[in-house]
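Listed below, chain by chain, are the residues.
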Amino acid sequence: MDLQNRENFLNKLAQRMGRPRQNVPEPMPVLENNHAITRLTDREQPQLCQEFIDFARVMMADVVEAKEADLPQAIIDICEKYGGASVIVNNDQRLKDLGITAAIQAKYEESYIWDFNQPETNFEKAKNANIGVVYAEYGLAESGGIVLFSDKEFGRSVSLLPEKSVVVLRKSTVLPRVAQLAKILHDKAQRGERMPSCVNIISGPSATADIELIKVVGVHGPVNKIYLVIDDL
């Protein structure tokens, strides 16, 4: 369609609709509130964390709270509760610094640490693992969800393929909602910092519901989601 035919077509269309053509968009209406940005921001951090935990449990996540010094035993207690055996862990320095990686390696001979130099092995180990352990960047109080950043050391398969998924999260990193996460990512981009290759927001175990709203858990991901929340407030 050439330019003249396009103009004629649009003019006729506007005429049929009974209004003049608009070449300049109308201004956005003034919003009645800014809840999308401010909701839950009036909470103190302990209250925000409690709302996160409460909502996570509603979303069928198992939440375990522990002090930093107790994390090595806490991760073993969780793994034993959910069957132990084969455990895959992201090659995350934060998990190592907390003593979680070493505790798992000492307890389970079949444990495996993600190695970006071994892509095929990573996939096979994650697919056959009983438990995957990852470290979350943030928690979201509004949805009870956790935020995972992916890079070469943090394979998405570790949180998606094993039957059970354990997520380690600090209370100090719980945000009110997605708006605050978007601001963090925006500021990161503005500073020219390297962005994560993927941002995953996960709320509880994998689940779906059919037209009759019958909920089925574990259809396309982990059957159990466990949050190991570090009490660092």
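Each chain has its residues counted from 1, running along the sequence as written. Only residues with pLDDT of 70 or above have their local features reported here, since the model is predicted, and side-chain atom pairs are shown and tallied only from 80 upward, although totals for entire chains, interfaces and linings are computed over all residues. As a convention, hydrogens and water are excluded, and side-chain values are obtained from all of the structure's heavy atoms.

Looking at an unreviewed UniProt entry, one finds the protein chain named LUD domain-containing protein, with Mannheimia varigena USDA-ARS-USMARC-1296 as its source organism.

A word on a nonpolar patch on the surface
Taken together, the side chains of Phe-9, Leu-13 and Met-17 make up a nonpolar region of the molecular surface, amounting to roughly 300 Å² of accessible area. Only runs of H or I of at least four residues qualify as helices and only runs of E of at least two qualify as strands under DSSP, and these elements are numbered from the N terminus. Position of Leu-13 relative to the elements: it lies in helix 1 (residues 3–17). Given the relative accessible area of 39%, Leu-13 is considered partly exposed. A patch consists of residues exposed above 30% relative accessible area that lack any salt bridge, with like charges linked at up to 9 Å and nonpolar side chains (Val, Leu, Ile, Met, Phe, Trp, Tyr) linked at up to 5 Å. With residues, only the protein chains shown are counted as cover, and all accessible areas are computed by Shrake-Rupley using a 1.4 Å probe. Any carboxyl oxygen of Asp or Glu within 4 Å of a side-chain nitrogen of Lys or Arg constitutes a salt bridge here. Classification of residues uses two cut-offs on accessible area relative to the type maximum, computed with a 1.4 Å probe and protein chains only: under 20% is buried, over 50% is exposed, and between them is partly exposed.

Focus on the sheet that holds strand 3 (residues 112–113)
Adjacent strands of a sheet form backbone hydrogen bonds with each other and so pair up, either parallel or antiparallel. Paired strands are those between which DSSP finds at least two bridges. Strands sit in the order 1-12-7-4-2-3 across an open sheet of six strands; the sheet is parallel. Across the chains shown, the open sheet's two edge strands, defined by having one partner strand only, are strand 1 (62–66) and strand 3. Inspection of the sheet shows strand 2 (residues 87–89) paired to strand 3 by two bridges, in the parallel sense. Within strand 3, the residue paired with Val-89 across the bridge is Ile-113. Contacts from helix 4 (residues 71–81) reach strand 1, strand 2, strand 4 (131–135), strand 7 (164–170) and strand 12 (224–230) within the one sheet, and its direction differs from that of strand 12 by about 165 degrees. We call two residues contacting when some pair of their heavy atoms lies within 4.5 Å. Throughout, an axis means a line fitted to C-alpha atoms (over the contacting stretch in the case of helices), and angles, computed between N-to-C directions, take values from 0 to 180 degrees.

A closer look at the packing of helix 4 against helix 6 (residues 100–107)
Helix 6 packs onto helix 4 with a crossing angle of 50 degrees between their chain directions and a minimal axis gap of 8 Å. In terms of axis orientation, helix 4 runs oblique to helix 6. The two elements helix 4 and helix 6 meet at a crossing, and its hand is right-handed. In this structure, helix 4 contributes Leu-71, Pro-72, Ile-75, Ile-76 and Glu-80 to the contact, and helix 6 contributes Ile-100, Ala-103, Ile-104 and Lys-107. Of the residues that constitute the contact of helix 4 with helix 6, the class distribution is seven nonpolar, no polar and two charged. What sets the label is the angle itself: under 35 degrees gives roughly parallel, over 145 gives roughly antiparallel, 65 to 115 gives roughly perpendicular, and the rest give oblique. Rotating anticlockwise by less than a right angle from the far helix to the near helix defines a left-handed crossing, while the corresponding clockwise rotation defines a right-handed one. Residues were grouped as follows: Ala, Val, Leu, Ile, Met, Phe, Trp, Tyr, Cys and Pro as nonpolar; Asp, Glu, Lys and Arg as charged; and all remaining residues, including Gly, as polar.

Observations regarding the pattern of salt bridges
The tally for this structure, following the rule as stated, stands at 19 salt bridges. For Lys-81, the salt bridge identified is with Asp-62, shortest N-O distance 2.9 Å. Of this pair, Lys-81 sits in helix 4 while Asp-62 is found in strand 1, placing the two residues 19 residues apart along the sequence. Residue Lys-81 is classed as exposed on the basis of its relative accessible area, which comes to 59%. Note that Asp-231 is salt-bridged to Lys-171, the shortest N-O span being 3.9 Å. Within this pair, whereas Asp-231 is found in the segment after strand 12, its partner Lys-171 is found in the loop between strand 7 and strand 8 (174–175), the two being separated by 60 residues in sequence. Using a relative accessible area of 24% as the deciding quantity, one classes Asp-231 as partly exposed. What makes Lys-171 buried here is its relative accessible area of 10%.

Focus: the confidence of the model for the protein chain
Values of pLDDT, which run from 0 to 100, indicate the predictor's confidence residue by residue. Residues at a pLDDT of 70 or more form 91% of the protein chain, whose mean pLDDT is 90. At the level of individual helices and strands, the protein chain shows its lowest average pLDDT in strand 11 (residues 215–217), which scores 63, and its highest in strand 8, which scores 98.

Quick notes on the packing of aromatic side chains
Stacked, edge-to-face and tilted labels apply to pairs of Phe, Tyr and Trp rings (six-membered ring for Trp) whose centres lie within 6.5 Å, assigned for plane angles under 30 degrees, over 60, and everything in between, in that order. Tallied over the entire structure, the rule returns two aromatic pairs. Considering the side-chain rings of Phe-52 and Tyr-227, the 5.7 Å spacing of their centres and the 10 degrees angle between planes classify their relative orientation as stacked. Here the residue Phe-52 occupies a position in helix 3 (residues 45–58), and Tyr-227 occupies one in strand 12, the gap between them amounting to 175 residues. Overall, the relative accessible area of 0% leaves Tyr-227 in the buried class. Judged by centre distance (6.2 Å) and plane angle (65 degrees), the ring pair of Tyr-138 and Phe-149 falls under edge-to-face. With a gap of 11 residues between them, Tyr-138 in strand 5 (residues 138–140) and Phe-149 in strand 6 (residues 145–150) connect regions that are remote in the sequence.

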